[in-house]
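# Analysis of the macromolecular model
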Amino acid sequence: MTNAIDRELTAVTMGLDRYERGANAGDSLLDGEGLVPIWMGDDLVPPRAYTGWDPIFADLAALSDRVATLPADDRGAFLRTMVASVTTAARLFSGEAMTYADKVRDLVGADPAPVAQADIAALTDALDAGLTRAGFGNGSIKARVDAWEDARAVAPDRIEAVFRELMAAAKARTASMIYDTGDYDMALNPLRNIPFTARCGFDERRMDLNVDISFTRAALKHLVCHEVFPGHATQLLYTHAEAAAGRTDMDALLCTANAVTGCVQEGIGDQGVALIDWVEDDDDALYASFQTLKSAVQTTAAWKLMAEDTPEAEVAQYMRDTGYGQEAWVQGRIRMARHPFRGPFIASYYAGNEAVRRVRTRVAPADRAAFVHYLYGRVHSPESLQMFAAA
């Protein structure tokens with residue numbers, strides 16, 4: 001443990017969460033969701049009680065002074081970034097204005113920039129090659145993506161059955177390779193006219209799914225792995241078990257925070273299929289390329305919209321022409337980008353996926369168990385995650 005800073009940081013962060021939820025009388029910047037949407041630690045770290053902003057900022061300043069003297073190791077790197085991120089959240093909650101670039105850098109912990117065009121071009125080439133391998137080699141990329149999605153689409157009346165099949169397989173693989181989640185399960189909750197594709201309803205044990213979007217089996221597999229096994233729900237269960245047993249720092253309980261921890265949280269989700277070695281066929285590999293391209297494109301689109309003031313119609317067309325996603329995805333990402341707090345977190349998906357992928361792909365089989373504990377048993381910024389070294 002890091003001189004009890006972990007417990008102090010957790011108590012202050014959750015105190016901020018509770019104060020922000022209560023002080024806005026239902027008009028919270030996060031619509032009542034709070035800084036930490038899913039919290040399992042009341043029995044381990046009581047939130048600090050606050051009645052105003054001044055003591056919150058005083059406690060955060062004191063934490064900033066303490067973490068400034070920590071070593072330049074992974075814990076020091078994470079704690080410095082996390083304190084800065086929570087302080088940024090407090091500034092936004094208290095009414096301070098901030099540029100989109102500042103939010104992406106200081107709140108999210110991602111690069112305050114669009115994704116490099118060369119990277120988007122490389123991802124497009126990977127999608128092109130994947131479509132060809134899957135038997136869709138003729139026509140424009142957009143036409144081929146549409147044809148592949150149409151050919152592989154799960155019929156609406158089959159969504160529930162395919163979801164249950166994928167959940168059972170993902171749970172078993174997760175138990176074998178990551179963590180045994182016991183009797184935890186989620187039901188499917190279909191929704192319409194929402195700005196996201198899917199969402200982890202951990203406490204309600206349900207996975208919200210945007211059925212305005214058509215899904216292939218590969219897409220549903222990705223979402224099951226992202227939201228449940230071995231993604232968000234698994235990370236929550238793992239970190240709580242480690243914290244309750246005293247095997248990790250208490251700030252691991254902040255794994256769902258709308259803060260710098262979000263990058264790696266989303267990275268675990270987006271790398272979920274790979275983390276349980278579940279790429280079964282060309283469709284799974286193709287969807288991984290497609291999903292990564294869309295993450296890069298939506299990061300750049302949000303930057304264009306919010307940092308460069310590009311007209312919304314032009315941004316939407318960029319997403320159609322370069323990301324090849326369905327219209328519900330285009331409109332949902334634009335709605336998210338415009339949210340004053342959630343908007344910059346669009347960048348967390350691409351940044352987090354790359355952060356987790358880079359470490360995962362260099363871990364030797366003998367070091368896998370240590371890597372899983374490092375990834376799931378603690379919380380990280382993209383920077384601290386890269387500091388993984390085998391024991």
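Scroll up to find the structure.
The structure contained in this document is the topic of the report that follows. For clarity, every value in this text was computed on a predicted model and none was experimentally measured.

Let us look at the packing of aromatic side chains. Throughout the structure, instances matching the rule amount to 11 aromatic pairs. Geometrically, the ring pair formed by tyrosine 19 and tryptophan 53 is edge-to-face, given 5.1 Å between the ring centres and 90° between the ring planes. A residue pair is termed long-range when its members are at least 10 positions apart, and tyrosine 19 in helix H1 (residues 5–23) and tryptophan 53 in helix H2 (residues 53–67) qualify at 34 residues. A residue is classified by how much of its surface remains accessible, and tyrosine 19, at 17% relative accessible area, is buried.

Backbone torsion omega between phenylalanine 229 and proline 230 reads 10°, so that peptide bond is classified as cis. On the secondary structure map, proline 230 appears in the loop between helix H8 (217–227) and helix H9 (232–244). If you check the backbone angles, asparagine 193 has positive phi at about 55° while not being a glycine. When you line up the elements, asparagine 193 lands in the loop between strand E1 (187–191) and strand E2 (198–201). Positioned with a positive phi, aspartate 277 is a non-glycine residue whose angle comes to about 50°. When you line up the elements, aspartate 277 lands in the loop between helix H11 (272–275) and helix H12 (282–306).

Summed over all chains, the structure comprises 4 cavities of 30 Å³ or more. Its volume calculated, the largest cavity comes out at about 40 Å³. Contributing to the lining of the largest cavity are Ile194, Pro195, Phe196, Thr197, Asn210, Ile213, Ala328, Trp329, Gly332 and Arg333. Sorting elements by how many residues they give to the lining of the largest cavity places helix H14 (residues 327–338) first, with 4 residues.

Right, let's talk about the nonpolar core for a bit. Met82, Leu127, Met207, Leu209, Phe341 and Leu375 are the most contacted members of the largest nonpolar core, which totals 128 residues. Here this core takes 10 residues from H12, the largest share from any one element. The residues contacting leucine 127, other than those within four sequence positions of it, are Ile141, Val145, Leu286, Ser289, Phe290, Leu293 and Tyr324.

With that settled, consider the environment of glutamate 20. Residue placement: glutamate 20 occurs in helix H1. Note: C-alpha distance between glutamate 20 and glycine 34 (14 residues apart in sequence) is 7.0 Å. Excluding its chain neighbours within four sequence positions, the residues that come into contact with glutamate 20 are Ser28, Leu29, Leu30, Gly34 and Phe93.

Attention now goes to the packing of H12 against H14. Running from N to C, H12 and H14 point in directions that differ by 50°, and their axes come no closer than 10 Å. Classified by the angle between their axes, H12 and H14 sit oblique to one another. Here the hand of the crossing between H12 and H14 comes out right-handed. Contacts from Lys294, Val297, Gln298, Ala302, Leu305 and Met306 of H12 reach H14 at Trp329, Arg333, Ile334, Ala337 and Arg338. Of the residues belonging to the contact of H12 with H14, the class tally is 7 nonpolar, 1 polar and 3 charged.

Attention shifts here to the pattern of salt bridges. Two side chains that carry opposite charge are able to pair once their charged atoms sit near each other. In this structure the tally under the stated criterion is 27 salt bridges. The salt bridge partner of arginine 192 is aspartate 212, with a shortest N-O separation of 2.8 Å. In this pair, arginine 192 is assigned in the loop between E1 and E2 and aspartate 212 in the loop between strand E3 (206–210) and H8, connecting sequence segments 20 residues apart. A relative accessible area of 36% means that aspartate 212 is categorised as partly exposed.

Conventions and cut-offs
Residues numbered from 1 in each chain as written. Predicted model: local features only at pLDDT ≥ 70, side-chain atom pairs only at ≥ 80, totals over all residues. Heavy atoms only, no water. Phe/Tyr/Trp six-rings, centres within 6.5 Å; stacked < 30°, edge-to-face > 60°. Helix = DSSP H or I, 4+ residues; strand = E, 2+ residues; numbered from the N terminus. Buried < 20%, exposed > 50% of the residue type's maximum accessible area, 1.4 Å probe, protein only. 1 Å grid on protein atoms, 1.4 Å probe; cavity = no way out; pocket = protein on both sides within 12 Å on 5 of 7 lines; lining within 4 Å. Points joined across faces, edges and corners; volume = space filled by probe spheres on them. Core = buried A, V, L, I, M, F, W, Y, C linked by side-chain atoms within 4.5 Å. Contact = heavy atoms within 4.5 Å. Axes fitted to C-alpha atoms, helices over the stretch in contact; angles between N-to-C directions. Parallel < 35°, antiparallel > 145°, perpendicular 65-115°, else oblique. Left-handed = near helix turned anticlockwise from the far one by under 90°. Nonpolar A, V, L, I, M, F, W, Y, C, P; charged D, E, K, R; others polar. Salt bridge = Lys/Arg side-chain N within 4 Å of Asp/Glu carboxyl O.

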